[in-house]
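# Structural overview for review
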Amino acid sequence: MTERHLIALDLDGTLLKDDKTISEKTKEVLRKAREDGHIVMIATGRPYRSSEMYYRELNLDTPIVNFNGAFMHHPRNPKWGFFHEPLDIHVAKDIVEACRSFHFHNIIAEVMDDVYFHYHDQKLIEIFNFGHPNITTGNLSNYLKDSPTSLLIHTEEDQLKKIRDHLSDAHAEVIDHRSWAAPWHVIEIIKSGLNKAVGLKKAADYYGISKQRVIAFGDEDNDLEMLEYAGYGIAMGNGIDQVKNIANDVTLTNEEDGVAEYLTDLLRLK
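Attention here is on the structure that accompanies the text. Note that the structure is predicted; figures quoted are calculated from it, not measured. (Residues numbered from 1 in each chain as written. Predicted model: local features only at pLDDT ≥ 70, side-chain atom pairs only at ≥ 80, totals over all residues. Heavy atoms only, no water.)

This next bit is on empty space enclosed by the protein. The tally for this structure, following the rule as stated, stands at 2 cavities of 30 Å³ or more. For the largest cavity, the calculated volume is near 50 Å³. The wall of the largest cavity is formed by Thr14, Leu15, Lys17, Ser23, Thr26, Met236, Asn254, Asp257, Gly258 and Val259. Put simply, the parts of the chain that give the lining of the second largest cavity at least two residues each are β10 (175-179) and β11 (186-191). Considering every element that reaches the lining of the second largest cavity, the biggest residue donor is β10, with 3 residues. Partitioned by chemical class, the residues of the lining of the second largest cavity number 1 nonpolar, 1 polar and 3 charged. (1 Å grid on protein atoms, 1.4 Å probe; cavity = no way out; pocket = protein on both sides within 12 Å on 5 of 7 lines; lining within 4 Å. Points joined across faces, edges and corners; volume = space filled by probe spheres on them. Helix = DSSP H or I, 4+ residues; strand = E, 2+ residues; numbered from the N terminus. Nonpolar A, V, L, I, M, F, W, Y, C, P; charged D, E, K, R; others polar.)

Written out as structure tokens, the structure reads:
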């Protein structure tokens, strides 16, 4: 057997095919990797409620990184720790007020499994309803009572830079923000200093695995820090150029079992 590695998997566009399923080939390769002593975990921007089914489908027994590092826990071991670092509620409300100066479709605040919509939007509610969160609709300045795990601004493409420039000017020291991939023109905001790499390092330290033996797969800009941290930062073939440029290597796309193909070769799985 090769030395034990920690394998960190982004979900959308990486582990998951475009139809949001995990291929049988990928499941089999991950099973073999675990049989050989390697550790497999998920690191995603999704909340736990919409990633739990994949955790259970793979029968994992590891910590999971959610909300791009703003929340991390071990679903099968409550004693492992519960790491939740939300955005300060006053900062969140300042951002909501500032959005009045820009054109936007909606603002969504997630407080773990409570979801708040600034405006009613049935299509968005259906998307966020996965895992059956508690949903509240109304002016976030009035209805938001707790510090949100994340804040999302849904806007038009031509507004993205204007709003992000304002966020950087006004709140650079306390928030981090990034844009979702097309076709969703969404700005995601979390507390400053949080990203998937922060959670991945917690897991690596827990298992006593050096970063040189961490293998991380991703495709979008919320994977950048994780891929830079890992000894093997692997970009998906369908990943954005920025991810491919910082990655140690590029594998096949999520539709071509890129994760499975790379791990089979690297770990000499049979």
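Once that is clear, we can look at the sheet that holds strand β3 (residues 64-66). If you trace the 8 strands from one edge of the open sheet to the other, you get β5-β4-β3-β2-β1-β12-β13-β14, paired in mixed fashion. The open sheet terminates on both sides in strands that have one partner only, identified here as β5 (82-84) and β14 (249-250). Across the face of the sheet, helix α11 (residues 258-266) comes into contact with β1 (6-9), β12 (214-218), β13 (232-235) and β14 while running at roughly 160 degrees to β12. (Pairing = 2+ DSSP bridges. Contact = heavy atoms within 4.5 Å. Axes fitted to C-alpha atoms, helices over the stretch in contact; angles between N-to-C directions.)

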